[in-house]
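# Fold and geometry: a report
As a plain string of letters, each chain reads:
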Amino acid sequence: MKLISETVRGFRNIENAEFYPSTAVTVVCGENGQGKTNLLESIFLLTGAKSFRHVKDRELPDKDGDGRAEIDSVFFAEGRRQEIRLSVGSKGRTASLNRGSEKKASELAGKFCCVIFSPEHLDLVKGTPAERRRFIDTALCQLSAGYLSKLRDYMRLLAQKNALLKDARNISAAYDMLDVYDERMADAAAYITAYRRRFAAEVEEEAREAYSSVSGNRETFGINYLSTAGDDDDPSEIARMISSARGDDIRLGYSTVGPHRDDLELLLDGDPARVYGSQGQQRTAVLALKLAEAGLFRNKLGEEPVLLLDDVLSELDGSRQEFLLRRLGGSQAIITCCDPNFIERETDADVWRMDSGVLTRAGD
Ligand SMILES: Nc1ncnc2c1ncn2[C@@H]1O[C@H](COP(=O)(O)OP(=O)(O)O)[C@@H](O)[C@H]1O
Ligand SMILES: [Mg+2]
């Protein structure tokens, strides 16, 4: 899929911008704090997912504006020209696809897909389990509206259950309620865990290949999905695991078992990369994971996702930069950076500039 054009109004510091990216590589350059990531964020929102910066929808419109941001786009997918109009503000995100009726933006899942690669991802191996869960969920929520809605249900139930667990004074009265929550959460948990496990296996296959290409076959990359609720995806078994943690949950005041506590273990020759990998190996692992994510979209959708590379090239060494650029293949890539010279040398990219939220095509 390719983004053909995008008009952004009242989004963060971008008052009004029109963007016509190349179908191959486009570089958006500019000093720090000018709005480059904001532009990528506005494109990412067209996937229907929440911002990759993990902020509330109401924080996205221009803080000095009317409280709403509008993003209009034309893109090419499933062999035809399509349109998404998105509106973001204090009432959340709504969207219309191909001039259809206004819907919740989350219903866009699977229509326009992006892989975002930003400097925070470089710490994925060493980072917290929450960051690795987010890596999985960012991809799965784009690919499956069903997954997104189950994950939402689960998180809503979890928040209610945690509120009960915190209220220790009334805990004995809450026992029956906790039973009800455990049972309802187990169904959603089983669905989420099974999906994630399958995703981990597919990513592993793709990433292993990418890892050995970057590293020259030195180590074998692997992924292990670590479930706090055991290895069985049967809801009644998961319910049993969740309930058996009741004592700990009450003592700690929050729920300790379920997909919200799971992790993705990244392995090199069978050992945890977090503990034993060098910084170079960890970066190669992240690069492999991101390329695998793109590969998975390709397999599932039958087309290439749009790649958004936010200021990551300057963080990678020469050989990894070259590898990444070579791997872009026929995908559309939108790359932000401070100094476009390197990418201009390596590719025949279109170059745009962002200055204080004003976007211009270089040379105009
Ligand atoms: N809701 C908002 N309203 C107005 N300006 C915002 C908003 N959120 C962020 N900004 C501004 O956006 C700029 C940062 O943009 P960003 O895209 O992160 O820069 P960079 O070019 O470094 O990627 C800052 O000047 C910040 O003040
Ligand atoms: Mg930035």
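Just so you know, these numbers come straight off a predicted model, no measurement behind them.

Here the focus is the overall build of the chain. Scanning the chain from N- to C-terminus turns up ten helices and 15 strands. In summary, the chain has a C-alpha radius of gyration of 22 Å against a globular reference of 21 Å for 364 residues, a match within 12%. Expressed along its principal axes, the backbone C-alpha trace of the chain runs to roughly 70 × 55 × 35 Å. A total of 364 residues make up the chain; the buried ones form 43% of that total. Residue pairs at least 24 apart in sequence account for 73% of intrachain contacts in the chain once pairs closer than 6 positions are excluded.

Along its sequence, the chain is organised into domain 1 (1–113 + 305–364) and domain 2 (128–302). Each of domain 1 and domain 2 has a C-alpha centre, and these two points are 28 Å apart. Tallying the contact residues gives 15 residues for domain 1 and 15 residues for domain 2. Its residues assigned to classes, the side of domain 1 that touches domain 2 comprises nine nonpolar, three polar and three charged.

Not every one of the 14 residues close to ligand 1 is listed here, only the nearest: Arg12, Asn13, Lys36, Thr37 and Asn38. Of the residues forming the shell around ligand 1, the biggest block, three residues, is contributed by helix H1 (residues 36–44). Looking at side-chain class alone, the shell around ligand 1 contains one nonpolar, eight polar and five charged residues.

A few words on the sheet that holds strand E5 (residues 80–89). Read from one edge of the open sheet, six strands run E2-E1-E4-E5-E6-E7, paired in antiparallel fashion. Strands at the two margins of the open sheet, each flanked by one partner only, are strand E2 (14–19) and strand E7 (103–104). Looking at chain direction, E5 and strand E6 (residues 92–97) are connected through six bridges and run antiparallel. Among the inter-strand pairings, Ile84 is bridged to a residue of E6, identified as Leu97. Taken strand by strand, H1 contacts strand E1 (2–11), E2 and strand E4 (68–77), and its axis lies near 115° from that of E1.

Turning our attention to the sheet that holds strand E10 (residues 263–268). Hydrogen bonds along the backbone pair up the strands of a sheet, which may run parallel or antiparallel. Pairing in this open sheet of three strands is antiparallel, and the strands run E9-E10-E11 from one edge to the other. In the strand order of this sheet, the two ends are held by strand E9 (221–226) and strand E11 (271–272), each with one partner. Judged from the six bridges that link them, E9 and E10 form a sheet pairing that is antiparallel. Looking at E10, one finds that Asn224 is bridged to Glu265.

For the rest of this paragraph, the subject is the nonpolar core. What tends to happen in soluble globular proteins is that the nonpolar side chains get buried as a cluster. Ile43, Ala189, Ala285, Ala288 and Leu308 are the most contacted members of the largest nonpolar core, which has 100 residues in total. In terms of residues, this core owes the most to one element, helix H4 (residues 175–215), which gives 15 residues. Split by domain, the residues of this core number at least three in each of domain 1 (1–113 + 305–364) and domain 2 (128–302). In this view, Ile43 contacts Leu3, Glu6, Cys114, Leu308 and Ile334; residues no more than four positions away in its chain are not counted.

Another aspect to go through is the environment of Tyr181. Note on placement: Tyr181 falls in helix H4. Taking the C-alpha atoms as reference points, Tyr181 and Pro21, 160 residues apart in sequence, are found 48 Å from one another. With residues near it in sequence (within four places) discarded, Tyr181 still touches Leu157, Gln160 and Lys161.

This paragraph deals with the pairing of strand E12 (residues 306–310). Counting buried positions over the five residues of E12 gives five, a clear majority of the element. Both faces of E12 are covered, namely the face carrying Val306, Leu308 and Asp310 and the face carrying Leu307 and Leu309. Strand direction decides the pairing type here: strand E8 (residues 114–117) and E12, joined by four bridges, are parallel. When the sheet's bridge partners are listed, Val115 is paired in E12 with Leu307. Here four bridges tie E12 to strand E13 (residues 333–337), and the two strands are oriented parallel to one another. In the sheet register, Leu308 faces E13, and the bridge partner there is Ile334. In this fold, the crossover linking E12 to E13 by way of helix H9 (residues 318–327) has right-handed handedness.

The next point concerns the packing of helix H2 (residues 129–143) against H4. Contact pair H2 / H4: the axes reach a minimum separation of 11 Å and the direction vectors enclose 100°. On the basis of the axis angle, H2 is roughly perpendicular to H4. Residue-level inspection shows Ile136, Ala139 and Leu140 of H2 in contact with H4, the latter providing Tyr195, Arg196 and Phe199. Among the residues making up the contact of H2 with H4, the classes are represented as five nonpolar, no polar and one charged.

Basis of the calculations
Every chain's residues receive numbers from 1 upward, in the order its sequence appears when written. Labels follow written order: the first chain is A, the first ligand is 1, and so on. Local features in this predicted model are restricted to residues whose pLDDT is 70 or higher, and side-chain atom pairs enter the listing and the counts only when it is 80 or higher, whereas totals over whole chains, interfaces and linings include all residues. Helix and strand assignments follow DSSP, with helices taken as H or I runs no shorter than four residues and strands as E runs no shorter than two, numbered in order from the N terminus. Atoms counted for the radius of gyration: C-alpha only. Globule rule: 2.2 Å times the number of residues to the power 0.38. Exposed residues have 12 or fewer other C-beta atoms within 10 Å of their own C-beta, buried residues have 20 or more, and partly exposed residues fall in between, where C-beta atoms are placed from the backbone. Working definition of a contact: two residues with C-beta atoms, positioned from the backbone, lying within 7 Å. Throughout, the edges of the domains are those of an automatic or database domain assignment. Here the nonpolar group is Ala, Val, Leu, Ile, Met, Phe, Trp, Tyr, Cys and Pro; Asp, Glu, Lys and Arg are the charged ones; every other residue, Gly included, is treated as polar. We call a residue near a molecule or strand when the C-beta position, derived from backbone atoms, sits within 6 Å of it. Strands are treated as partners if at least two bridges between them are detected by DSSP. Axes here refer to lines fitted to C-alpha atoms; in helices the fit is confined to the stretch in contact. Angles between the N-to-C directions go from 0 to 180 degrees. Each nonpolar core comprises buried Ala, Val, Leu, Ile, Met, Phe, Trp, Tyr and Cys residues, the members being joined through C-beta atoms within 7 Å. By convention, a crossover is right-handed whenever its connection, traced from the first strand over the helix to the second and viewed with the strands pointing away, goes clockwise. Roughly parallel refers to an angle under 35 degrees, roughly antiparallel to one over 145, roughly perpendicular to one between 65 and 115, and oblique to any angle outside these ranges.

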